[in-house]
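Secondary and tertiary structure notes
These are the residues of each chain, in order.
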Amino acid sequence: MIIKPILEKLFGNYYKEYDFIKKSYDILKDFGFNEDNSIASVCICRDEISQTVRSHVKRMWGEAFNFSSLAGLFTAGKTGMRAFISHAPQVDGRERYVFYAFSHIAIDENENMGVCKRKGLEKSHACGALCLFQGELLNGKINIRLDEEDIEESILKRRLLRELKYGEVPDLLSLTKLTLKVIIEDLENIIEKVVDKNKADYALISGIQIHGPQENYIIPDESYVVITGEKKKISI
Ligand SMILES: [Zn+2]
């Protein structure tokens, strides 16, 4: 497929989505995580074309707790995190959590960023929430009011604006990378405040989900385990 040289050129390392989740599962097994003693979660965009990752996670880990919101931003907060960890199996006196976190972008066969096809749609976009924000940046007119009728998009815009220099308009890929950084930062912040490392081990697996013309891929980003409070990087 023509997309593979594009992914190789842009990112170097990439996986088919299933292969990435399978590899993470195999690696985490070596660290003592398995489908019987662990609970998995996903933090991805609400977009239906993103949900394939949930299917792969389910196949390996069982049903996953869903932290997802528009663009994949982590907005479930302390209450969401407490709910998640309270559902974890308690095996051999420990709990084990697996966090999958991805931002996402479509790339077509001509290397157009954000462009994809969908069922019955010759031209569509992903991530739509980020495209919308980028459009406002380009127009120089950003509505940052917290809109109760558009909670997730307004929180997304506010959160990303904190990361941008005044007047900066990143391209969609840069915005996607920035979104991943923010997802991880916000997730880690709440993990730090809620997770008790004396009783739980956890893993964070992150990357960018790419919607190619035929299928989804994952560009690996930071991944690590925290076992008895000790952080160890893992490379996927
Ligand atoms: Zn999206």
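Quick summary incoming for the structure in this document.

About the thresholds
Residues numbered from 1 in each chain as written. Predicted model: local features only at pLDDT ≥ 70, side-chain atom pairs only at ≥ 80, totals over all residues. Helix = DSSP H or I, 4+ residues; strand = E, 2+ residues; numbered from the N terminus. Rg over C-alpha atoms; globule rule 2.2 N^0.38 Å. Buried ≥ 20, exposed ≤ 12 C-beta atoms within 10 Å, placed from the backbone. Contact = placed C-beta atoms within 7 Å. Core = buried A, V, L, I, M, F, W, Y, C linked by C-beta atoms within 7 Å. Axes fitted to C-alpha atoms, helices over the stretch in contact; angles between N-to-C directions. Parallel < 35°, antiparallel > 145°, perpendicular 65-115°, else oblique. Left-handed = near helix turned anticlockwise from the far one by under 90°. Nonpolar A, V, L, I, M, F, W, Y, C, P; charged D, E, K, R; others polar. Pairing = 2+ DSSP bridges. Arc of directions from axis to C-beta.

Let's talk about the overall build of the protein chain
Looking only at helices and strands, one finds seven helices and nine strands in the protein chain. Radius of gyration (C-alpha) of the protein chain: 18 Å, near the 18 Å computed for a compact globule of 236 residues. Each principal axis of the C-alpha atoms in the protein chain carries an extent, and together these give about 55 × 45 × 30 Å. Looking at the protein chain residue by residue over its 236 residues, the buried ones come to 39%. Residue pairs at least 24 apart in sequence account for 69% of intrachain contacts in the protein chain once pairs closer than 6 positions are excluded.

Focus: the nonpolar core
Core analysis: the largest hydrophobic core is formed by 63 residues, its most contacted members being Cys43, Val98, Phe99, Tyr100 and Ala203. Considering every element that reaches this core, the biggest residue donor is strand E4 (residues 95-106), with eight residues. If near-sequence neighbours (up to four positions away) are discounted, Tyr100 is found in contact with Ala40, Ser41, Val42, Cys43, Val53, Val57 and Ile205.

Topic: the packing of helix H5 (residues 128-139) against helix H6 (residues 151-161)
It is at 10 Å that the axes of H5 and H6 come closest, and there the two elements cross at 60°. The angle between the axes of H5 and H6 places the two elements in the oblique class. When the axes of H5 and H6 are compared, the crossing they make is right-handed. Of H6, the residues touching H5 (which contributes Ala129, Leu132 and Phe133) are Glu153, Leu156, Lys157 and Leu160. Within the contact of H5 with H6, the residues separate by chemical class into five nonpolar, no polar and two charged.

Side note on the pairing of strand E6 (residues 121-125)
Pairing between strand E5 (residues 115-118) and E6: three bridges, direction antiparallel. Within the sheet, the bridge partner assigned to Cys116 lies in E6 and is Ser124. Linking E5 to E6, which pair antiparallel, is a turn of two residues; within it Gly120 sits at a positive phi near 75°.

Topic: the packing of helix H4 (residues 77-86) against helix H7 (residues 172-194)
One way to put it is that H4 packs onto H7 with a least axis distance of 10 Å and a crossing angle of 65°. The two elements H4 and H7 meet at a crossing, and its hand is right-handed. Contact with H4, carried on its side by Gly77, Lys78, Met81, Arg82 and Ile85, involves Ile190, Ile191, Lys193 and Val194 of H7 and no other residues of that element. Of the residues contributing to the contact of H4 with H7, the split by class is five nonpolar, one polar and three charged.

Concerning helix H3 (residues 52-61)
Among all positions in H3, only Val53, His56, Val57 and Trp61 are buried. Seen end-on, H3 carries its buried residues on one side only, within an arc spanning 105°. On its buried face, H3 is in contact with helix H2 (17-30), strand E2 (39-43), E4 and strand E7 (200-211). Trailing H3 by a residue or two, Gly62 shows a phi angle of about 90°, which is positive.

Quick notes on unusual backbone geometry
Cys127 follows Ala126 through a cis peptide bond whose omega is 0°. Inspection of the secondary structure puts Cys127 in the loop between E6 and H5. Although it is not a glycine, Ala71 adopts a positive phi angle of roughly 70°. Mapped onto the fold, Ala71 is located in the loop between strand E3 (65-66) and H4. Phi is positive for Thr228, which is not a glycine, with a value near 40°. Its place among the elements puts Thr228 in the loop between strand E8 (216-227) and strand E9 (230-233).

Quick notes on the environment of Leu172
Position of Leu172 among the secondary structure elements: in helix H7. Residue class for Leu172 comes out buried when judged on the 21 C-beta atoms lying within 10 Å of it. Linking Leu172 and Cys131, residues 41 residues apart in sequence, is a C-alpha distance of 7.0 Å. Sequence-distant contacts of Leu172, that is, excluding residues within four places in its chain, are made with Ile105, Met113, Gly114, Leu130, Cys131 and Gln134.

Some words on the pairing of E7
Burial analysis of E7 places 11 of its 12 residues in the buried class, which makes it a mostly covered element. Where E4 lies against E7, 12 bridges are found, and the strand directions are parallel. Among the inter-strand pairings, Phe102 is bridged to a residue of E7, identified as Gly207. Examined bridge by bridge, E7 and E8 share nine bridges and lie antiparallel to one another. Its bridge partner being in E8, Gly207 is matched across the sheet by Pro220.

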